[in-house]
Amino acid sequence: MSEGKKYQLKVVVVGDPAVGKTSLIRRFADDKFEDEYKHTIGADFNVKVIEFPEDKKNAVLTVWDIGGQERFEIIRRYYYEGSHAGFIVFDLTNKEAFQHVSNWYKDLREYLKDIPIALLANKLDLKDGIVISDSDIETLMKELKIEFYFKTSAKTGKNVDKAFSKLAKIKLEKLI
Ligand code: G3D
Ligand code: MG
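Here the structure is a predicted model, which is why all the values come from computation and not from measurement.

Can you lay out the site of ligand 1 for me, pointing to particular residues and giving the numbers?
Near ligand 1 you find 19 residues, and of these Ala-18, Thr-22, Ser-23, Asp-125 and Ala-154 are the closest. The contact in question runs from an oxygen atom of ligand 1 to an N or O atom on the side chain of Ser-153, over 3.4 Å. When isolated, ligand 1 has an accessible area of 650 Å², and the protein chains bury 83% of it. Examining the composition of the shell around ligand 1, we find that three residues originate from one element, helix α1 (residues 21-30), more than from any other. Grouping the amino acids of the shell around ligand 1 by side-chain chemistry returns seven nonpolar, five polar and seven charged.

This is the structure we're talking about:
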């Protein structure tokens, strides 16, 4: 790790089942995409260091995958506890998951009052199946006051590292 102060950041990743949460975390942490593994069972978290040499800072990210626990409020609360930042994931090919973003947002905000929350619009590689437009996303962003969004693909890796770095950077800037 490069020289610099180390900051431990817990990042929680939420969203409807099958939008690609586990795939995005695997892509970020291990740079892999596995078509074979199925639904996440129980808790899972991954650790990865992001270096910001220009700021002399390193973020040690612990990324928590809410897994198959989406439906259980008590368990969700445990995942949320102590989080420094969060991603809400939806799937660009799935209108229903997009409609649920605001519920996820309210759920996170109830427990985590001031953390930065960003959106990941995943499955960008499924070009022909995309049913959510940029303006749909931008309208929702304004409504919810979300920090930023990226269109990602866990499959190709597009924008995945960028999104995690940006979220970590925003959080670190708030810590100065
Ligand atoms: P979840 O953790 O949110 O429940 P998963 O979602 O990561 O388990 O992904 C659900 C399904 O979507 C998986 O396919 C996975 O391979 C696929 N997927 C995830 N991200 C992408 C992506 O960016 N592009 C494409 N094309 N597929 C993606 P299966 O077939 O196993 O259900
Ligand atoms: Mg999963």
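Now that the structure has been shown, we can carry on.
Just give me the short version of the packing of aromatic side chains, but keep the residues and values in it.
Evaluation of the coordinates by the stated rule reveals eight aromatic pairs. Relative to Tyr-78, the ring of Trp-64 lies with its centre 6.2 Å away and its plane at 75 degrees, an arrangement referred to as edge-to-face. Taken together, the residues span a long stretch of sequence, with Trp-64 in strand β3 (residues 57-65) and Tyr-78 in helix α2 (residues 73-80) at a distance of 14 residues. Accessibility expressed as a relative area gives 53% for Tyr-78, which makes it exposed.

I'd love a proper account of the pairing of strand β5 (residues 117-122), names of residues and values included.
Burial runs high along β5: six of the six residues are buried. Across the two faces of β5 the burial is the same, with Ile-117, Leu-119 and Ala-121 and Ala-118, Leu-120 and Asn-122 all buried. Judged from the six bridges that link them, strand β4 (residues 85-91) and β5 form a sheet pairing that is parallel. Bridging from a neighbouring strand, Gly-86 pairs with Ile-117 of β5. Taken together, β5, helix α5 (residues 134-144) and strand β6 (residues 149-151) constitute a β-α-β crossover, and its handedness is right-handed.

A description of the pairing of strand β1 (residues 5-15) should follow, citing residues and the corresponding values.
In terms of burial, β1 is a largely internal element, eight of the 11 residues being buried. Pairing geometry for β1 and β3, over nine bridges, is parallel. Each residue of the ladder has a partner; that of Leu-9, found in β3, is Leu-61. Alignment of β1 against β4, held across five bridges, turns out to be parallel. When the sheet's bridge partners are listed, Val-13 is paired in β4 with Phe-87.

Kindly report on α2, identifying the contributing residues and their values.
Since the α-helix turns once every 3.6 residues, residues separated by three or four places project in the same direction. Looking only at α2, the buried set comprises Arg-76, Tyr-79 and Tyr-80. Summarising the axial view, the buried residues of α2 lie within an arc of 95 degrees, below the 170-degree limit, and thus occupy one face. Facing away from the buried side of α2 by more than 90 degrees, the exposed set consists of Ile-74 and Tyr-78. Buried residues along α2 sit against β1, β3 and α4 (101-111). Downstream of α2 by one or two residues, Gly-82 has phi in the positive range, about 75 degrees.

If you had to explain a nonpolar patch on the surface to someone new, which residues and values would you point to?
Side chains of Phe-72, Ile-74 and Ile-75 sit close together on the surface and give an oily, nonpolar patch of about 280 Å² of accessible area. Positionally, Ile-75 belongs in helix α2. Taking the relative accessible area as the measure of exposure, Ile-75 reaches 31% and is therefore partly exposed.

Conventions we followed
- Residues numbered from 1 in each chain as written.
- Chains lettered and ligands numbered in written order.
- Predicted model: local features only at pLDDT ≥ 70, side-chain atom pairs only at ≥ 80, totals over all residues.
- Heavy atoms only, no water.
- Near = heavy atom within 4 Å.
- Polar contact = N/O pair within 3.5 Å; in protein donor to acceptor, adjacent residues only side chain to side chain.
- Areas by Shrake-Rupley, 256 points an atom, 1.4 Å probe, with all protein chains shown as cover.
- Helix = DSSP H or I, 4+ residues; strand = E, 2+ residues; numbered from the N terminus.
- Nonpolar A, V, L, I, M, F, W, Y, C, P; charged D, E, K, R; others polar.
- Phe/Tyr/Trp six-rings, centres within 6.5 Å; stacked < 30°, edge-to-face > 60°.
- Buried < 20%, exposed > 50% of the residue type's maximum accessible area, 1.4 Å probe, protein only.
- Pairing = 2+ DSSP bridges.
- Right-handed = clockwise from strand over helix to strand, strands pointing away.
- Arc of directions from axis to C-beta.
- Contact = heavy atoms within 4.5 Å.
- Patch = residues over 30% accessible without salt bridge, like charges linked within 9 Å, V, L, I, M, F, W, Y side chains within 5 Å.
- Salt bridge = Lys/Arg side-chain N within 4 Å of Asp/Glu carboxyl O.

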